[in-house]
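An overview of the molecular structure
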Amino acid sequence: MIKGYFFAALLFCAVSTPSLAQESKVNVLYLDGSAHEVQMSQVAKLTVADGNVKFLSKSGEAVATHELEKVDKIQLTGSATGLVQLTKQSPITLRSNGYVITAEGMTDGKLLEVYTANGTLAAKAVAHDGKATIDATQLAAGVYVVKAENQSLKMVKR
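Residues numbered from 1 in each chain as written. Predicted model: local features only at pLDDT ≥ 70, side-chain atom pairs only at ≥ 80, totals over all residues. Heavy atoms only, no water.

Attention now moves to the pairing of strand β3 (residues 45–49). Bridge analysis of β3 against strand β4 (residues 52–56) gives five bridges, and the strand direction is antiparallel. Residue pairing across strands places T47 opposite K54, the latter belonging to β4. Count of turn residues in the β3/β4 antiparallel hairpin: two residues, of which D50 carries a positive phi of about 55°. (Pairing = 2+ DSSP bridges. Helix = DSSP H or I, 4+ residues; strand = E, 2+ residues; numbered from the N terminus.)

What follows concerns the environment of G119. Residue position: G119 is located in the loop between β9 (111–116) and β10 (121–126). A relative accessible area of 48% means that G119 is categorised as partly exposed. Note: C-alpha distance between G119 and Y144 (25 residues apart in sequence) is 8.7 Å. (Buried < 20%, exposed > 50% of the residue type's maximum accessible area, 1.4 Å probe, protein only.)

The strand order β3-β4-β5 describes an open sheet built from three strands, whose pairing is antiparallel. Each end of this open sheet is capped by a strand with a single partner; those strands are β3 and β5 (62–67). For this sheet, the mean inter-axis angle between neighbouring strands, taken without regard to orientation, is 15°. Sheet analysis places β4 next to β5, joined by five bridges and oriented antiparallel. Residue pairing across strands places K54 opposite T65, the latter belonging to β5. (Axes fitted to C-alpha atoms, helices over the stretch in contact; angles between N-to-C directions.)

As a further point, take unusual backbone geometry. We note that D129 has phi near 55°; this positive angle belongs to a residue other than glycine. The topology assignment puts D129 in the loop between β10 and β11 (131–135).

This part is about the confidence of the model for the protein. Scored by pLDDT, the protein has a mean of 76; 75% of the residues are at 70 or more. In the model of the protein, helix α2 (residues 18–21) stands out as the element of lowest mean pLDDT, 42, in contrast to β10, which has the highest, 94. Confidence over residues 79–89 falls short of pLDDT 50; this stretch has seven contacts with residues more than four positions distant or in other chains. (pLDDT = per-residue confidence, 0-100. Contact = heavy atoms within 4.5 Å.)

Once that is clear, we can look at the environment of K124. Relative to the helices and strands, K124 is located in strand β10. The spacing of K124 and A148 is 24 residues in sequence and 9.9 Å in space, taken between C-alpha atoms. With residues up to four places along the chain from it excluded, the contact list for K124 reads L112, E113 and I134.

Glancing now at the pairing of β10. As paired strands, β9 and β10 are joined by five bridges and run antiparallel to one another. The partner of L111 across the bridge, within β10, is V126. What sits between the antiparallel neighbours β9 and β10 is a turn of four residues, in which G119 has the positive phi angle 90°.

So, in C-alpha cells, the structure goes:
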C-alpha cells in the first residue's frame, strides 16, 4: 500500500512544478525490464486503486494504466533551465516496496532523510555506491517528507 502512496506523492511533486512538467516524462519501469513512457504534460493526476496505477489527464481520462504488481519503479525525468547548470546527469530514483525506502542515483556521502510533518528528522541514511535505503517499517502512520540531495517529496504512510 505504501508503494501506491509513494508513487502518488512522487508524481504530485513533479506536476506541481509546471515549468518542469512541460518537458518532463514519466517512465514506468516494469519488473520484467520493459519501460513505458508518458509525457508529463499529458498527466494531471495519478491514482492508485484496485491494484492499478492510473495516469489521468486534466479532463479525467486515463492516459495510461499499469498493474501495480508489475511496476518496479516510476521515474520522473526532465530538463530544467536556469542560472545554475546542473552537473548531475542521472536522475535520483525514489521507490518503496512498503518496507524499505530506496534512493538510487545519489552522490556518495549525501543523505537520504525522512522528516515528519512537524519537521522532525525521523530517519536518515548515507548514500554508498549511489544508493541509500531506509527501513520504512520503523515509521508510524502519518505524513512524511523524503529528501534526497536537493529533491524532496511528500509521502503518506498508513
